[in-house]
Amino acid sequence: MALGSIIQAFKDEYRKSPVRVKVELDVADEIISVEVDGADGFFAYMMLVGTFPFNAFLAGFLSCIGFFALTVCLRMQVDPANKDFAGISPERAFADYCLANLVLHLVVWNYMG
């Protein structure tokens, strides 16, 4: 299966989703796409220029990937169609998200040296 057909199938399923009306989910989706673009930018820079300050490259790249993973988790918890997290309120999910991001970025800041 070609990559283009996979992306098209993903877009079609995303547009058919009945939850698409929620603004919070759209904002989370945009943040996720920005983080993927940021990680792509870091990777492209590494391929073109090199990784001289390797710890700085690794910290920036892992920050993008970690922020991506945390935002996907937040989106899963806030999505009303997902019944696995029915007992968690959106406020609690956002508070967990903020705390996890604080820890992630403290680790990244420490790793950059």
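Residues numbered from 1 in each chain as written. Predicted model: local features only at pLDDT ≥ 70, side-chain atom pairs only at ≥ 80, totals over all residues. Heavy atoms only, no water.

A separate point is the UniProt feature "transmembrane region" (unreviewed entry) in the protein. The feature "transmembrane region" (unreviewed entry), as given by UniProt, occupies residues 52–74 in the numbering adopted here. Between the end C-alpha atoms of residues 52–74 there is a gap of 34 Å, over a span that is 91% helix and 0% strand. (UniProt positions renumbered as here; feature names shortened; annotations may be inferred. Helix = DSSP H or I, 4+ residues; strand = E, 2+ residues; numbered from the N terminus.)

For the rest of this paragraph, the subject is the nonpolar core. Leu25, Ala59, Phe67, Leu74, Val78, Ala93, Tyr97, Leu104 and Val108 form the largest nonpolar core, which has nine residues in total. Of all the secondary-structure elements, those providing two or more residues to this core are helix H3 (54–78) and helix H4 (90–112). (Core = buried A, V, L, I, M, F, W, Y, C linked by side-chain atoms within 4.5 Å. Buried < 20%, exposed > 50% of the residue type's maximum accessible area, 1.4 Å probe, protein only.)

Here we take up the pattern of salt bridges. Across all of its chains, the model carries three salt bridges by this definition. Residue Arg75 pairs with Asp79 through a salt bridge whose shortest N-O separation is 3.8 Å. For Arg92, the salt bridge is made with Asp96, and the minimal N-O distance between the two is 3.2 Å. One end of the pair is Arg92 and the other is Asp96, both in helix H4 and four residues apart, which spans about a single turn. Overall, Asp96 belongs to the partly exposed group, its relative accessible area being 33%. Through salt bridges with shared partners, one network takes in Asp29, Arg75 and Asp79. (Salt bridge = Lys/Arg side-chain N within 4 Å of Asp/Glu carboxyl O.)

Evaluated as defined, the whole model comprises four aromatic pairs. Between Phe94 and Tyr97 the ring centres are 6.1 Å apart and the planes differ by 35 degrees, which places this aromatic pair in the tilted class. On the criterion of helical spacing, the pair formed by Phe94 and Tyr97 is a turn pair, its members being three residues apart in helix H4. Residue Phe94 is classed as partly exposed on the basis of its relative accessible area of 45%. Three or more aromatic residues link up through ring pairs in this structure, and these residues are Phe54, Phe57 and Phe61. (Phe/Tyr/Trp six-rings, centres within 6.5 Å; stacked < 30°, edge-to-face > 60°.)

Our next topic: the packing of helix H2 (residues 23–48) against H3. Viewed as axis vectors pointing N to C, H2 and H3 meet at an angle of 160 degrees, and their least axial separation amounts to 9 Å. Viewed along their axes, H2 and H3 adopt a mutual orientation that is roughly antiparallel. Along this stretch, H2 crosses H3, giving a crossing that reads as left-handed. Contact residues: H2 offers Leu25, Ala28, Asp29, Ile31, Ile32, Glu35, Val36, Gly38, Ala39, Phe42, Phe43 and Met46, while H3 offers Phe57, Gly60, Phe61, Cys64, Ile65, Phe67, Phe68, Thr71, Val72, Arg75 and Val78. When the residues that make up the contact of H2 with H3 are grouped by side-chain class, the tally is 17 nonpolar, three polar and three charged. (Axes fitted to C-alpha atoms, helices over the stretch in contact; angles between N-to-C directions. Parallel < 35°, antiparallel > 145°, perpendicular 65-115°, else oblique. Left-handed = near helix turned anticlockwise from the far one by under 90°. Contact = heavy atoms within 4.5 Å. Nonpolar A, V, L, I, M, F, W, Y, C, P; charged D, E, K, R; others polar.)

Attention now goes to H2. In this model, H2 (26 residues) spans 37 Å end to end at C-alpha, consistent with the 38 Å of a helix rising 1.5 Å per residue. Among the residues of H2, Leu25, Ala28, Asp29, Ile32, Glu35, Ala39 and Met46 are the ones counted as buried. In this structure, the buried side of H2 is in contact with helix H1 (3–16) and H3. Backbone geometry just downstream of H2 places Gly50 in the positive-phi region, at approximately 120 degrees. (Expected span 1.5 Å × (residues − 1).)

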